[in-house]
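For reference, the chains in residue letters:
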Amino acid sequence: MDTYTAPPIKASKFTPSKSLDEYPEDSIKKIAVLFTDIVGSSKFFKSHGDTAGRKMLRQHQEVASPAVVEHGGVVVKVLGDSIMAYFSNPQEALKSAIKIQQKFQSFNQRKEPRYQIHIRMCIHYGDGIVEDKDIFGDVVNMAAKFLHLAGGDQIFVSHELYKQAQGLPSLHFEAVDLSSNKNILKGLTIYKLIWDETVTFDPYVKTLLYYKPVWELGESHFAKAWDSLIDNKDDLWAGQVEKENILADKSVALIVKDPLSSLPLAMDVMKFLNSKLEKDSPPFLPLQIIVDSGTYVRADRLDLEDLKVDWEEIKPGNIYISFSAYTAMGESEAFSVFPKPDQKHPQSFYKVDLNDQLQNEPGLFLYQNALAQGEYPPCYYCGDRKHLTASCPSKQFSKITHVMKDLGYLPLEEINKLFFNYLTKTDIKAGDGVEPLSKSDRAAQWAYNGFCELKMVYQLRFLRLLWRTGEDSWNNIKESKKETAKGGLIWLGQDCLRVSKLDQAETILLNALEKHPHDYRVHCAMGFLHVEGKDFLEAKHYFSRALEYAETRPQKIFAHFLLSRLYCLNNDLGKAEDHINKILHIEPGCSEAVYQDIIFQFRQQKNAEALRRLIKLISNDREYYVYALIDPELAAYNEIIHPELNNLLNEAREEAEQIRAEAEQKAKTLEKQLTAEEKKANDPRALFLKIEELAKADSYFNYLDIIYYGSSIIDIGSRYLEDRRMKLLRVLNELRPGVKSCIVAVNNFSNRNLIAAISRKLKNIQIKMDDNETIARGSDPERLKDAFVQANKLAKELKQVESELKNLHKTQQMLFFITKFFKNTFIFQSVNLLIVFLLFPICTYYLHFFLPEIRITPETIWEYQKIVMILGGFSGLCLALMLSTKNMPEE
């Protein structure tokens, strides 16, 4: 081992600049001071160079510092090749030192000897001066003095530390001979620490209970309730807390003595706040509460440096517990968490089930009231109370973002997170783009765009949509993606209005009004100008003139919307409702007008009718599910609206689950049945993959799409089934005439033995056709497929039977012909022989008798007989052939 040692640390560096009496009493504390020092560091720099030397120093710090923190220590400073740290608990200092040496031992086992790091350590315990980022006093000086006495891989401790270490297992102490250092270390007793190599020490962890108010979500009464909590804190957690810290944002951090008391204490705070907010109780407490376990106490101070929390994941009004804290407490019947912790795949925090002990179940969406909070009157454009109308960011929108469609595909939990992120941010800027949810600021942008879209029809961007279009359909205007023609004096005026240059806008628009007094656009722009100038009377005048000069239905509808908004903000609901009714008269299907009319009905306490119409509107246009969920104007009616929205979600979920199971089975069946060509037109597997992707999120739109795609797959299956059925019946119907013809032919066949085999085949074909017809009336696609294949085989079999019948018919005709021919031949030849041998001699005799002059000898008669016999035989054959051919049976 390298025995080279660096020069000792100068103890004078840690001498306080003034006497102990001059320091505040609370700055003088009992502390354990720990030093580390690399053995042979100077030699290492000389032999390996500065780069390797600096790397070695960094490795030393990276190994030693975490072990200090794990045991409640504070690394005060790095002094070249040494680290100085201090602890309020001397036993933890000892544990930390042993752990550091164990880590270096493990480190060195993986290194070559020349790259190993060996350190010496010392610990002293006594009174020290603790300032913000430094420590001073004799306790530091004495530790620095005897550090150099220790060798590599050794730990030396003072007698004061030794007395505090009694009771720690697997440790032994040997007194160090200081005879050669009496002058330097006079009156000091030093021990060499010897430890069991297998000894392990758990980190010095404490249970942290952290309360974080979300001021952006609470109103003034919550701030008062929180101040009251701070005033009464001693009564709430007296005797249960070791440390407390109230941060600049009034968050409260507590180190509890008993981990099991953290949850009851958290609930006590929630009960206290709820009692203070009883009259103005919000749907949830704007307070985030976490329970964690970690090294949050360092040198007797509460230190939150290592507190890592994704606050977007912590739902206000609930208690969350970390996996480490849950493990430290152990499973208990006193509380349960969601989801159930998994040792192999732990998550950062788990929601504690409060069992409805503290509050009623909040609505589906938590932040409707928070969206409506602010110090100003409602903004004309968007309804926000956090800014004036002239400063509304919605003016920067140039088109409809359609973000409601995107929000509808998110689970309710995710929608709440988006709006929480939006409400707790102060730097959100308006923008048309709806980018993927990969960054929190983009997520907040989605929420803001959605909030602005609630009042889209009252905004400057809608005037730009109507700028120069002859379209006469309100819905087509909304869906149009065409760029409107820009330019001109009026456009320039509204653009100045968009960027809040009101004086310039007024000058340009007045000039435009003189040139185009009957143009509805300039009157709309002038109306917006006076709205931003808070002159609602003049705004009403210009919007009324815009209505007068409007030419198309969308233009008239827009003007009615603008006037309705004015009356609504002036609390003249009768006239506001009147303009909405006029819109519905112009275009009954205008969903924005229907929705606004529903809001008016809620305000008039016509809740049942309003709710019925709202559900009907959602069934016609599902985007209004999101409207009803987040619109602050409906916050007062959440108790009746949100249960219905939840029912819609549950019904869609149940139907989607049923259809998904059926569609999965149908897709698997169709995958086997459809041909490659059929799959190109309708691929059920591709549709089911969409269903699987949609099923990953618990959202209303996802379930509706699952129902749609699942129904499409089932419809493909039904159409496939009907198509197969019709094809099967068509094949069977085509076979029946042939079968009947064959049966007639068989029945007419005279030779039953010859036709018996074909007759059996025909009966078999008939039986199979009847079976297939029965299958065609069923709904089993597999059997239909097999039946269709079998029907095609039957068609081939029938063709074969027909061919065999033709051959048999030809055979029968041949046999018939031969039989007839031989029969006729026998008859004719018999007649011929009768003539030749009977009639001819008689005729010849009488001829000779009557005509004696004719001499007919027997030889002559025979000659004539032969001639007659030959001619008669030939004639008989010809006649037999003719008669046999003539009497042949028809096919």
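As shown above, the structure is provided for reference.
Conventions and cut-offs
- Residues numbered from 1 in each chain as written.
- Predicted model: local features only at pLDDT ≥ 70, side-chain atom pairs only at ≥ 80, totals over all residues.
- Heavy atoms only, no water.
- Patch = residues over 30% accessible without salt bridge, like charges linked within 9 Å, V, L, I, M, F, W, Y side chains within 5 Å.
- Areas by Shrake-Rupley, 256 points an atom, 1.4 Å probe, with all protein chains shown as cover.
- Salt bridge = Lys/Arg side-chain N within 4 Å of Asp/Glu carboxyl O.
- Lys, Arg positive; Asp, Glu negative; His and termini not counted.
- Charge placed at Lys NZ, Arg CZ, Asp CG, Glu CD.
- Helix = DSSP H or I, 4+ residues; strand = E, 2+ residues; numbered from the N terminus.
- Buried < 20%, exposed > 50% of the residue type's maximum accessible area, 1.4 Å probe, protein only.
- Pairing = 2+ DSSP bridges.
- Axes fitted to C-alpha atoms, helices over the stretch in contact; angles between N-to-C directions.
- Contact = heavy atoms within 4.5 Å.
- Expected span 1.5 Å × (residues − 1).
- Bend = angle between axes of the 7 residues up to and from the residue.
- Core = buried A, V, L, I, M, F, W, Y, C linked by side-chain atoms within 4.5 Å.
- Polar contact = N/O pair within 3.5 Å; in protein donor to acceptor, adjacent residues only side chain to side chain.

Draft legend 1. Seen up close, a negative patch on the surface. On the surface, Glu 651, Glu 654, Glu 655 and Glu 657 cluster together to form a negatively charged patch. By secondary structure assignment, the location of Glu 651 is in helix H25 (residues 638-673).

Draft legend 2. Region of the structure containing the side chain of Gln 59. As for its placement among the helices and strands, Gln 59 is situated in helix H2 (residues 50-70). Residue classification places Gln 59 among the buried positions, given a relative accessible area of 18%.

Draft legend 3. The sheet that holds strand E15 (residues 319-322), seen in detail. Pairing is mixed in the open sheet, where seven strands are placed in the order E10-E11-E9-E12-E15-E17-E16. The sheet is open, and its two borders are formed by strand E10 (241-246) and strand E16 (336-338), each paired with just one other strand. Averaged over all neighbouring strand pairs, the angle between strand axes comes to 25°, with direction disregarded. Of the strand pairs in this sheet, E16 and strand E17 (residues 349-353) are connected by three bridges, and their pairing is antiparallel. Of the residues in E17, the one forming a bridge with Ser 336 is Asp 353. Across the sheet, helix H6 (residues 220-231) lies against strand E9 (206-213), E10, strand E11 (252-256) and strand E12 (287-294), angled at about 145° from E9, the strand it touches most. Together, E9, E10, E11, E12, E15 and E17 form the strand contacts of helix H8 (residues 262-276), whose direction differs from that of E9 by roughly 20°.

Draft legend 4. Representation of helix H30 (residues 781-850) in the model. Between its first and last C-alpha atoms H30 spans 98 Å; for 70 residues at 1.5 Å apiece the expected length is 104 Å, and the two agree. The sharpest bend along H30 comes to roughly 40°, located at Leu 839, with the proline Pro 841 sitting one to four residues further on.

Draft legend 5. Geometry of the pattern of salt bridges. In total, this model carries 39 salt bridges according to the counting rule given. The salt bridge partner of Asp 306 is Arg 298, with a shortest N-O separation of 2.3 Å. For Asp 306, a relative accessible area of 35% puts it in the partly exposed group. By relative accessible area, which is 6% here, Arg 298 ends up buried. Residues Glu 692 and Arg 660 are paired through a salt bridge, measuring 2.8 Å at the closest nitrogen-oxygen approach. With a gap of 32 residues between them, Glu 692 in helix H27 (residues 684-694) and Arg 660 in helix H25 connect regions that are remote in the sequence.

Draft legend 6. Spatial organisation of unusual backbone geometry. Residues Phe 338 and Pro 339 are joined by a peptide bond in cis, for which omega reads -10°. Structurally, Pro 339 is set in the loop between E16 and E17. For Ser 170, which is not a glycine, the phi torsion comes out positive at approximately 60°. Mapping Ser 170 onto the fold places it in the loop between helix H5 (159-164) and strand E7 (171-175). For His 402, which is not a glycine, the phi torsion comes out positive at approximately 55°. Tracing the sequence through the fold places His 402 in the loop between helix H10 (368-371) and helix H11 (403-408).

Draft legend 7. Representation of a positive patch on the surface. Together, Lys 55, Arg 58, Arg 110 and Lys 111 line one region of the surface with positive charge. With respect to the element layout, Lys 55 can be found in helix H2. For Lys 55, a relative accessible area of 44% gives the class partly exposed.

Draft legend 8. Highlighting the nonpolar core. Judged by nonpolar contacts, the single largest core of 126 residues is most densely connected at Tyr 367, Phe 419, Phe 462, Phe 528 and Phe 561. Look past the residues within four positions of Tyr 367 in its chain and what remains in contact with it is Leu 217, Phe 284, Pro 316, Asn 416, Phe 419, Phe 420 and Leu 423.

Draft legend 9. Region of interest: the environment of Glu 532. Inspection of the secondary structure assignment puts Glu 532 in helix H18 (residues 520-532). A relative accessible area of 6% means that Glu 532 is categorised as buried. Between the C-alpha atoms of Glu 532 and Tyr 381, which are 151 residues apart in sequence, the distance is 9.6 Å. What Glu 532 contacts, discounting residues up to four positions off in sequence, is Tyr 381, Thr 389, Ala 390, Lys 395, Leu 497 and Leu 502. Separated by 2.6 Å, the side chains of Glu 532 and Tyr 381 make a polar contact. At 2.9 Å, the side chain of Glu 532 and the side chain of Lys 395 are in polar contact.

These figures come from the coordinates and say nothing about function on their own.
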